[in-house]
Amino acid sequence: MFENFDYTGLNATLENVLGSVAQLMPELLLATFILLLILIDLIFKNTPKSIFSIISLLGLAGVLFFTHRQGNQLTEATALFGQMLQLDRLGVILKYLFGISGILTVFLSWSKEEKDWHEKGEYFALVFGLLLGAFLMVMTTNLLMIFLSIELVSISSYILANFTQKRKSAEAGIKYLVFGATASAVMLYGLSFWYGFSGTLDFTSFQFINGLQSAPQLPVLVASFMVFAGLLFKITAVPFHFWTPDVYEGAPTPIVALFSVVPKIAGLGLLIRLLGISFQQNILWSESIIWRDVLGVLAILTMVVGNFSALWQKNAKRMMAYSSIGHSGLFLAGILAFSAFGIQSLLFYAFVYMLMNFAAFYLIEMVEDKTGKVMINDYQGLGLRIPFLGALFVLVMIALTGLPPTAGFTAKLLIFSALTESYQEVQSPILLYLIITGLISTVVSLFYYLKIPYVMFFKGNAEDSLKMKLNVGNKVLALLLVTSLLLLFLKSNWLTNLIDHINYF
Amino acid sequence: MNSRELLHNLPLNSATETALLVVALPFFSFLLLVLSGKRLRHLTSRLATFLMGLNVLLTASVVWQCWNQPVQHSRLSWFQLLSENYNLNFTAGLLIDNITAMMLLVVVFISFLVHLFSIDYMEGDENYKRYFSLLGLFTAVMLALVLSDNLLLIFIFWELVGFVSYLLIGFWFKKTSASRAATKAFLVNRIGDVGFLVGILILWGQFSTLDLSAIEQLMANSQFSNGEWVVILQQGTQSITNTIDSSWLTIASLALFLGVMGKSAQFPLMAWLPDAMEGPTPVSALIHAATMVAAGVYLLARVFFLIDVEVHLVIAIVGVLTAFMGAVGAFTQHDIKKVLAFSTISQLGFMVMGMGVGAYSAALFHLMTHAFFKACLFLASGAVIHAMHDVLHNLQYEGKKIHLDAQDMRYMGGLRKKMPVTFWAYLTSTLALAGVPFFSGFLSKDAILTGALSWAKVMAAGGHWAYYLVPILAFLAAMMTAMYMGRQLLLVFFGEFRLPSLNEQCKNAGQYLKDVTLKMKVPLLTLTIMSFGVLYAANPFLKQEAWFLSAIGYPKILAPGLDAKTYFLALEQTEEQLKVLVFLLTVVLASLGFFWAYRRYHGGTSYTRNYLYRGDPENIWQKISHHNWFLDDVYQSFTRFNQRLALLSNQFDKRVVEGTNLGLQWFNGKLAKFASSFELKVLNGLSDAFGIFHIILAHFMVLIDRYVIDGFVSTVAWISGFIGLLGKSFQRGKVQQYVLWTFVSLILVLAFLLF
């Protein structure tokens, strides 16, 4: 009785783990660099920031390289670590996006003045930590992993938001922490219910689907909404958006750019996975209660609140916060098309959104860095004094609005096409409302986006404007970002080729 | 053992239903007080007391039904988890046996008296209502802890009593010392709780259930062989064998005991209890003397059957060390409550030691008698503090500028003439605490000491005389109890009232000194009666006649390595031989203690004459006592050591690394210079050309915007602006509000989903 230990099970598990590790190079590299950056910071006390930046860039380049190789080798979705993670196209594409965002964040942080920085190595290590969390978020198929990866992202974010330790920044950090902890608690509660119903943590498994289907419907719905609440917090959808403006206003600008892209897109990726599986397996979809309606209403509210509140903002970063809330609404709408085309358009949009947001925040940061001003009214006459900067602002704002000749237009066009296509197929009225709200909010957004160029060119004059000069590095990076926005408008198939064949519905 | 049989539902019966009501009533009182308006403060305190009085009757009926009856157990399935091969059933239920019944009675009765006492004691406090609501909450969760039938529930309520205790220690949170003490108690208790949790997890891993009665059966059926601990679980036709190294049983026992050490203030986690005296005195009586701190001993009794045999020795040693160290700590305190706090630590040490030496029923007996006489002591000290406070208050009212500590014994003395009721209560309970015959403490302490001595004799049969150290220390601690309590009694109630001779301003302090009101006297007198031995044994000299001891009987020991039957038989026989010796020893030691205290502290000695001006302790022994063996400093030096280490390594870094850095910086500068010259020449021209193009574009865009779209849109703009303002108005910058709004909308969406 005591001798029949089963070692085959253990051996198989160990082999699975070892085999999985080999397939996890990008994540391992990220983890290694977290340690490396912290160690360097500890051992060499006065290392200048540029050294850390270069190391981080090298690391991220390596991560992108391995992600690329992962993508090339990938033939079909593979389960890793006994269904803890799943490696598939969706994950790889989003990991590209995160890697690039990481590189852009490092570049944005480059020009930040040294005096604000005490723990340089930690800053970069935390950025890496956030990225690692995001990488895991878009790969996970396990309830516990969902929570762990989200927390990894969140905890890195809390510290980063508070990084400069100025009063505003600290306030932002605490607000983010309190709000985030609440959202996490709600979500964890929902996850525990899911586990209770099914007895398994693997949400792709038959047992999970079966468990949720056979459990009473009402509690399943409540639990599911609690889980979605945690994700909606990450993608700053209404009513989980309250923290966004305060945090964006208070946190260092490169970090805000990172916040507005990586956690949000990671949350979307996870939502796609969860909804995709539940949609395919018909778990949460019944005659009487349709998630499309619930999430659709939230998406509409998100667009309305984001875009309309942005109209009143006087602080450029706060305005961008509301703008990013508005974009989240459209992202959600893209998911709600529930079609392969919808997901593909969403991914295209996500890439363009990343470029637009980093470009916008970079421009805002240049002004902030050199003059300390972030209020839109302070930009008076700046466009006349530095036409180059003004022109870039115009282009970026046009892209954010979604007008040609920028990729912002293409992205919105794709989303709206996907929505229209789905509407024709299923005739669900909520899709129609989504399209209408999307179009109206695009018009509304024109006003606040173009407010910046308007103030820059038509208010005040060049003599009284802020005194600042751009250096060449600034110009090149800004130009690169904006050019890519134009290029993707002209050659959108570069990106679409990459994200073809992604199908979750 | 089939899990379905093990964990099947047990319906409520009349006893458990009443017990449920007993828990619900104080909770109802808590809710009522929280929800009622501030103006009703007087009414609410009386209502809370009335409800608690009602609860005493209810509890009495529960105890009536359950005493010496078969165990009453009601249980239902709380929730189930489906794991791969086993259906994990979490149950929740009530279990009433003799121990539970005793605890119920102690908690409810003392809680009622404390409520009654507090009506006048807390009068005039601005947070009167919060105080009574917290008392209600504490009583509810403490009762729930006592009634819980499984470790998970016990843990939950364990945390809750800790939390309410935290709130009540920090009741006057505006005082820095109070909020610090609350934090300290909270943190130290967390250390113990980690242990408790680890223990729970190990047991869960082995048994897949936390229900204590199920664990007992599974433990009885588990096998120990070749150093391995095998538990076989069966569900339907499936059977699962859990095998781990048997050292895990030792670890689990130690972990659970760590939890006990935290809650019951055992060495070395005892430093929080003296500080906890920052809370209101009736709270100290209820929570930090009678009930919550005894929860550790209660838990130990509950899990005693699975405690590893080797750990018994650890328990005995920790217990006796605590008893001794606590007694030493009580010697040099000037704060009337601190003396009692240290004596509580010491007495808890006695109980824990009793558990360790197999004097199981004696330890629980001491828990009960101690709860009553210690609550009496605390309430009486509360009465003294209240009276002193009144004196100081009246002096201040006269216009005297004095700020003195009402708890300081140096200003007291001779109170017996002015406060006779309080004095008699204090005297009786002191005699009980010191273990004088005729009083309750004698019976229980004598039983524990007999147990300790016979345990040492049985264990030392193999030639290990070191076992005798445990009873020796215990007897010493027992003698010291009489010494420090004698000191306190003499300093507070005998001699002259010292405050008037402090200075000119306090000259007529004596005329303001008076005994407390009737509402405070009644609890004191009730508890005084409870301190008499006749209530517990027909013949107050013979502990063998105590009804309580025979009702509890001997515990089960299911851990391997000890046969419970022979073990307890041996102990019993030895006790029979030693009982006269121990009786004589106890009486002699207590009398010696009191005699010593009288010689040193009676009215005319130099110590008493100079006591008013006595400062900090002088010699090393006094310092050890006053600073509680410097435990706080030991804790702090741990932290300080870590800080030093960090500082040292930091300096090392600086020296060694500076050179390397300089090189790196030089290289960096070169690189930057090169890059910037490249930028200047090549890129500037390019970007300027591009910029001009964009300006033209921008002008164009803005023109279109202004002249084409503006007119059409101005109406729309107004509407959008309005909506935006609406959305923005939720955004007030307060994070609590954000969270609130989020929850409101979350609930709205859920409501939409449901209907």
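None of the values given here were measured: they were computed from a predicted structure. (Residues numbered from 1 in each chain as written. Chains lettered and ligands numbered in written order. Predicted model: local features only at pLDDT ≥ 70, side-chain atom pairs only at ≥ 80, totals over all residues. Heavy atoms only, no water.)

1. Details of the overall build of chain B
Then comes step 1: Per the secondary structure count, chain B includes 26 helices and five strands.
Then comes step 2: Residues classed as buried in chain B amount to 55% of the 755 residues present.
Then comes step 3: Of the contacts formed within chain B by residues at least 6 apart in sequence, a portion of 79% connects residues at least 24 apart.
Then comes step 4: Put simply, chain B shows about 32,700 Å² of open surface, and 67% of that area lies on carbon and sulfur atoms. (Helix = DSSP H or I, 4+ residues; strand = E, 2+ residues; numbered from the N terminus. Buried < 20%, exposed > 50% of the residue type's maximum accessible area, 1.4 Å probe, protein only. Contact = heavy atoms within 4.5 Å. Areas by Shrake-Rupley, 256 points an atom, 1.4 Å probe, with all protein chains shown as cover.)

2. Remarks on the pattern of salt bridges
All names here are of chain A.
Then comes step 1: On inspection of all chains with the given rule, the structure shows 18 salt bridges over all chains.
Then comes step 2: Close ionic contact of Lys 175 with Glu 171 constitutes a salt bridge, the shortest N to O distance being 2.9 Å. Pair noted here: Lys 175 and Glu 171 are both in helix H7 (residues 167-198), with a separation of four residues, about one helical turn.
Then comes step 3: Judged by relative accessible area, Glu 171 falls into the partly exposed class, the value being 32%.
Then comes step 4: Asp 246 is the partner of Arg 318 in a salt bridge, and the nearest nitrogen-oxygen pair spans 3.0 Å. One end of the pair, Arg 318, is in helix H13 (residues 316-336); the other, Asp 246, is in helix H10 (residues 243-250), with 72 residues separating them in the sequence.
Then comes step 5: Within the structure, one salt-bridge network assembled from shared partners comprises Glu 171, Lys 175, Asp 246, Glu 249 and Arg 318. (Salt bridge = Lys/Arg side-chain N within 4 Å of Asp/Glu carboxyl O.)

3. Here's the deal with the nonpolar core
Residues and elements named next belong to chain B.
Then comes step 1: Judged by nonpolar contacts, the single largest core of 233 residues is most densely connected at Leu 151, Met 355 and Leu 364.
Then comes step 2: Of all the elements, helix H15 (residues 360-397) adds the most residues to this core, at 24 residues.
Then comes step 3: Setting aside anything within four residues of it in sequence, one finds Met 355 in contact with Val 297, Leu 300, Ala 301, Phe 304, Ile 315, Tyr 360, Ala 363 and Leu 364. (Core = buried A, V, L, I, M, F, W, Y, C linked by side-chain atoms within 4.5 Å.)

4. A closer look at the packing of helix H9 (residues 247-263) of chain B against helix H13 (residues 309-329) of chain B
All names here are of chain B.
Then comes step 1: At a closest axis distance of 10 Å, the pairing of H9 and H13 adopts a crossing angle of 20°. Judged on the interaxial angle alone, H13 and H9 are roughly parallel. Crossing of H9 over H13 shows right-handed handedness. When H9 is examined against H13, the residues Thr 250, Ser 253, Leu 254, Phe 257 and Met 261 are found in contact with a partner set consisting of Val 311, Val 314, Ile 315 and Val 318.
Then comes step 2: In terms of residue class, the contact of H9 with H13 is built from seven nonpolar, two polar and no charged. (Axes fitted to C-alpha atoms, helices over the stretch in contact; angles between N-to-C directions. Parallel < 35°, antiparallel > 145°, perpendicular 65-115°, else oblique. Left-handed = near helix turned anticlockwise from the far one by under 90°. Nonpolar A, V, L, I, M, F, W, Y, C, P; charged D, E, K, R; others polar.)

5. Quick look at the pairing of strand E4 (residues 228-235) of chain B
Residue and element names in this part refer to chain B.
Then comes step 1: Pairing of strand E3 (residues 223-225) with E4, which is carried by three bridges, proceeds in the antiparallel orientation. Counterpart to Gln 223 in the pairing with E4 is Val 230.
Then comes step 2: Here E3 hands over to E4 after two residues, with Asn 226 in that stretch at a positive phi of 50°. (Pairing = 2+ DSSP bridges.)

6. Notes on the side chain of A:Gln70
Then comes step 1: Assignment of secondary structure puts A:Gln70 in helix H3 (residues 49-73).
Then comes step 2: Judged by relative accessible area, which is 8%, A:Gln70 ranks as buried.

7. Some remarks on the environment of A:Ile435
Residue and element names in this part refer to chain A.
Then comes step 1: Along the chain, Ile 435 falls in helix H18 (residues 429-458).
Then comes step 2: For Ile 435 and Ile 415, which are 20 residues apart along the polypeptide, the C-alpha to C-alpha distance reads 9.2 Å.
Then comes step 3: In contact with Ile 435, other than residues within four places in its own chain, are Phe 416, Leu 419 and Thr 420.

8. Details of the packing of H7(A) against helix H26 (residues 735-754) of chain B
Then comes step 1: Taken N-terminus to C-terminus, the directions of H7(A) and H26(B) make an angle of 25°; their axes are 9 Å apart at the nearest point. Considered as vectors, H7(A) and H26(B) are oriented roughly parallel to each other. When you trace H7(A) past H26(B), the crossing you get is right-handed. On H26(B), the residues touching A:Lys175, A:Val178, A:Phe179, A:Thr182 and A:Val186 of H7(A) are B:Val735, B:Tyr738, B:Val739, B:Thr742, B:Phe743 and B:Leu746.

9. Brief notes about the confidence of the model for chain B
Then comes step 1: Residue-level pLDDT values for chain B average 83, and 87% of them are 70 or greater.
Then comes step 2: The complex model carries a pTM of 0.69, and its ipTM stands at 0.71. (pLDDT = per-residue confidence, 0-100.)

10. A look at the sheet that holds strand E5 (residues 238-245) of chain B
All names here are of chain B.
Then comes step 1: Spatially, the three strands line up as an open sheet ordered E3-E4-E5, and their pairing is antiparallel. For this open sheet the edge positions go to E3 and E5, each flanked by a neighbour on one side alone. Sheet twist, expressed as the mean angle between neighbouring strand axes with direction ignored, is 25°.
Then comes step 2: Of the pairings in the sheet, the one linking E4 to E5 comprises eight bridges and is antiparallel in character. Note that in E5 the partner of Glu 228 across the bridge is Asp 245.
Then comes step 3: Against the sheet, helix H7 (residues 176-207) makes contact with E4 and E5, and its axis sits at roughly 60° relative to E4, the strand it touches most.

11. Notes on a nonpolar patch on the surface
All names here are of chain B.
Then comes step 1: On the surface, a nonpolar cluster with roughly 540 Å² of combined accessible area is contributed by Phe 28, Leu 32, Leu 47, Phe 50, Leu 54 and Leu 57.
Then comes step 2: Of the residues forming the nonpolar patch, the biggest block, four residues, is contributed by helix H3 (residues 41-66).
Then comes step 3: In this structure, Leu 54 sits in helix H3. (Patch = residues over 30% accessible without salt bridge, like charges linked within 9 Å, V, L, I, M, F, W, Y side chains within 5 Å.)

12. A closer look at unusual backbone geometry
Then comes step 1: Of note, the bond from A:Pro404 into A:Pro405 is cis; its omega dihedral lies within 30 degrees of zero at 5°.
Then comes step 2: Mapped onto the elements, A:Pro405 comes out in the loop between helix H16 (387-401) and helix H17 (407-426).
Then comes step 3: Residues B:Phe267 and B:Pro268 are joined by a peptide bond in cis, for which omega reads 0°.
Then comes step 4: Within the chain, B:Phe438 stands out as a residue other than glycine whose phi angle is a positive 85°.
Then comes step 5: Tracing the sequence through the fold places B:Phe438 in the loop between helix H17 (420-434) and helix H18 (440-459).

13. Details of the confidence of the model for chain A
Then comes step 1: Residue-level pLDDT values for chain A average 86, and 93% of them are 70 or greater.
Then comes step 2: Counting interchain partners and residues more than four positions distant, the pLDDT-below-50 stretch residues 1-8 of chain A has seven contacts.

14. What to know about the packing of aromatic side chains
Between two aromatic rings, the relevant description is the distance of the centres plus the angle of the planes.
Then comes step 1: All chains considered together, the criterion is met by 57 aromatic pairs over all chains.
Then comes step 2: For the ring pair B:Tyr128 and B:Phe132, a centre distance of 5.2 Å and an interplane angle of 70° mean the geometry is edge-to-face. Of this pair, B:Tyr128 and B:Phe132 both sit in helix H5 (residues 128-147), four residues apart, which is roughly one turn of that helix.
Then comes step 3: Members of the aromatic cluster, each reached through a chain of ring pairs, are A:Tyr158, A:Tyr176, A:Phe179, A:Phe233, A:Trp243, A:Tyr248, A:Phe259 and A:Phe361.
Then comes step 4: Sitting above the plane of the A:Phe388 ring, A:Lys475 keeps its charged end 5.8 Å from the centroid.
Then comes step 5: It is B:Arg487 that lies over the ring of B:Tyr601; its NZ or CZ is 5.7 Å from the centre. (Phe/Tyr/Trp six-rings, centres within 6.5 Å; stacked < 30°, edge-to-face > 60°. Lys NZ or Arg CZ within 6 Å of the ring centre and 35° of its normal.)

15. Side note on H15(B)
Residues and elements named next belong to chain B.
Then comes step 1: Over its 38 residues, H15 runs 54 Å from end to end, which matches the ideal 56 Å to within 8%, given 1.5 Å per residue.
Then comes step 2: Of all bends in H15, the biggest is about 25°, found at His 370.
Then comes step 3: The buried fraction of H15 amounts to 32 of the 38 residues, a majority that puts the element mostly inside the structure.
Then comes step 4: In the segment just after H15, Gly 399 is the residue with positive phi, at about 105°. (Expected span 1.5 Å × (residues − 1). Bend = angle between axes of the 7 residues up to and from the residue.)

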